Amino acid sequence: MQNITIPEGAKIEDYKAYGSLNHLVHQFLEQTKSSIQSLKGSTIWMINSTATGGGVAEMLPSQIRIMRSLGVNIVWLVIEASDNAFFKLTKRIHNAIHGSGDGVFNEADRTIFEKVNAQNIDAALNFIKDGDLVVIHDPQPMPLAGMIAKTRNVKLVWRCHIGLEEHNTTTKGVWSFLSQYFEAYDHFVFSIPSYVPDMIKSKTSIITPAIDPLSHKNRILHTDKCLNILLQSGIISGRKPLLHDVFQHQVRRILPDGSFGEVNQTNPLDIIYRPTITEISRWDRLKGFKELMDAFISMKQNNENSGDRSSENYQRIKVTRLILGGPDPAFVADDPEGEEVLNELIEQYKNIDPDLQNDIAILLLPLDNPRENALIVNALQRFSNIVVQNSLQEGFGLTATEAMWKQRPVLVSGAAGLKFQVEDSVTGRINEDPTDIGQLASKLEQMLNKPKERDNWGFNGQLRVIKNFTLFSQIESWLSVLSDVKQ
Ligand code: UDP
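The structure contained in this document is the topic of the report that follows. All values derive from a computational prediction rather than experimental measurement.

### Looking at the site of the ligand
Okay, so step 1: Around the ligand there are 20 residues in total, and G55, R282, K287, N373 and E402 lie nearest to it.
Okay, so step 2: Interatomic distance of 2.6 Å between a side-chain N/O atom of R282 and an oxygen atom of the ligand.
Okay, so step 3: A distance of 2.4 Å separates an oxygen atom of the ligand from a polar side-chain atom of E402.
Okay, so step 4: Protein burial of the ligand: of its 540 Å² of free accessible surface, 93% is covered by the chains.
Okay, so step 5: At the level of elements, helix 4 (54–69), strand 11 (321–327), helix 15 (370–382) and helix 16 (398–405) are the ones that each hand at least two residues to the shell around the ligand.
Okay, so step 6: Taken together, the residues of the shell around the ligand break down into seven nonpolar, seven polar and six charged.

Next comes the structure, spelled out in structure tokens:
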């Protein structure tokens, strides 16, 4: 069990000084006073399975930093697991909660699940004292609650970040496997009401995931800073400013033969001069990368076959590029499928026409250096004309919220979480079926050819994020849920 150090970051005063957030912060400070008071004397332990990669690791540092600055005693612990079978199993559980796979889990699975958690219990008990509150995130550390409750008088909350709107035999199977652990929990938190299994509905609160507008991932980057980041990380080539913000890592790119190389070794990305479509996510089949690449190719081929070559639209589509970005699988501990999915994508990439290969960049981001990774994601999203999240299933896609905050128009699938975040034709577009390549290609083309609408959608998107999806609304909900649970 690792106690994760929270990096320095923006302070309450910084948010107050940021024009569009000032009012929000004042309201937040008023509304959280009594719950902060009632949490005094308890430590809140946030426990999950990874310190890097994915939405949970993205949100916890800012939440914890702000809560601490308000006087809340809160710590982030990450379970240790070296057993590949454990993460294979928890990935199957994760997929099944999203309705994919057969949903069949047996006693051998349970043994693996509980063994790794049991290996973490002594370390957990060294930290946790009577009267504390423990929040366990997602399925991986779920069995810990029952083990903690045996010797500690604490309140236990399970925070599930994933879900599926309609329940099917797969979700029924996985919930039946997990239901045995529900009993140890006092309360549950989900992102959207329809994800909650019936048997725990009466003990569940809804908290919407949110972004930190001033984190490295989201803070304003003026053009010179953005360019500097893209230069330093090797994504674009050019003269680098002297001794200023030297990056530890160069972003790697998949080369046409499927090998890994530095981006500007063969072909720097001129994303500044060309319309750019971007999706950045974990390498997960449910993120719809493969379908997006197919749709991009289809859009390009339609343009060549039937576009009017003298038109502006033809020219625009012709020079558009696609960036697919995701973590270097070597740095992601809890996602064994990541490398497999990346390899599938590489195979697909190797087999496409060389001209089109040139228009598509598969980038591996340095997730082992959270600051560099965040700045690169920030710059890539800001330089994108459309940010796509083509998820087959999505509990709630932080990537869409990140892009909306940056006034980027988004194109998302009809996955429940994304539909909750994005208003069709107001803050971007929704393409209902992420596997319908023809529809996806035509939505991409329509968006590319509507620059004015794109600006409006981007503008509306930022307002929607300020109203609903910043860490202040999220922390306010957490403080209220935790103080209620403590009573
Ligand atoms: N992310 C990142 N680098 C990557 C891929 C993803 O920093 O190479 C971040 C992304 O910006 C977002 C988070 O990981 O903040 C993913 O959260 P989301 O809710 O979109 O999906 P999840 O991974 O939780 O399914």
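That covers the picture; the talk isn't over yet.
### Some remarks on the packing of aromatic side chains
Okay, so step 1: Under the defined criterion, the tally for this structure stands at 19 aromatic pairs.
Okay, so step 2: Ring geometry for Y15 and F472: centres 5.0 Å apart, planes at 85°, overall edge-to-face. In this pair, Y15 sits in helix 1 (residues 12–16) while F472 sits in helix 20 (residues 471–486), placing the two residues 457 residues apart along the sequence. We note that Y15, like F472, is buried.

### A closer look at the environment of N385
Okay, so step 1: Note that N385 resides in the loop between helix 15 and strand 13 (386–389).
Okay, so step 2: By relative accessible area, N385 is classed as partly exposed at 23%.
Okay, so step 3: As for N385 and D198, which are separated by 187 residues in sequence, their C-alpha atoms are 41 Å apart.

Quick notes on the rules
- Counting restarts for each chain: residues are numbered from 1 in the order of the written sequence.
- Totals for whole chains, interfaces and linings use all residues, but because this is a predicted model, local features are given only for residues with pLDDT of at least 70 and pairs of side-chain atoms are given and counted only at 80 or more.
- The side-chain numbers reported here are obtained from all heavy atoms of the structure, hydrogens and water having been left aside.
- Near, as used in this document, describes a residue that has one of its heavy atoms within 4 Å of the molecule or strand being considered.
- N or O atoms closer than or at 3.5 Å make up a polar contact, with two conditions inside protein: a donor-capable atom paired with an acceptor-capable one, and, for residues adjacent in sequence, both atoms drawn from side chains.
- The Shrake-Rupley method, run with a 1.4 Å probe, gives the accessible areas here. Residue values count only the displayed protein chains as cover.
- Numbering of helices and strands runs from the N terminus, with a helix taken as a DSSP run of H or I at least four residues long and a strand as a DSSP run of E at least two residues long.
- Polar here means any residue outside two lists: the nonpolar Ala, Val, Leu, Ile, Met, Phe, Trp, Tyr, Cys and Pro, and the charged Asp, Glu, Lys and Arg; Gly therefore counts as polar.
- Under the pairing criterion, centres of Phe, Tyr and Trp rings, with the six-membered ring standing for Trp, must be within 6.5 Å; the plane angle then separates stacked pairs below 30 degrees from edge-to-face pairs above 60, leaving the rest tilted.
- Burial status follows relative accessibility: with a 1.4 Å probe on protein chains alone, a residue under 20% of its type maximum counts as buried, one over 50% as exposed, and anything between as partly exposed.

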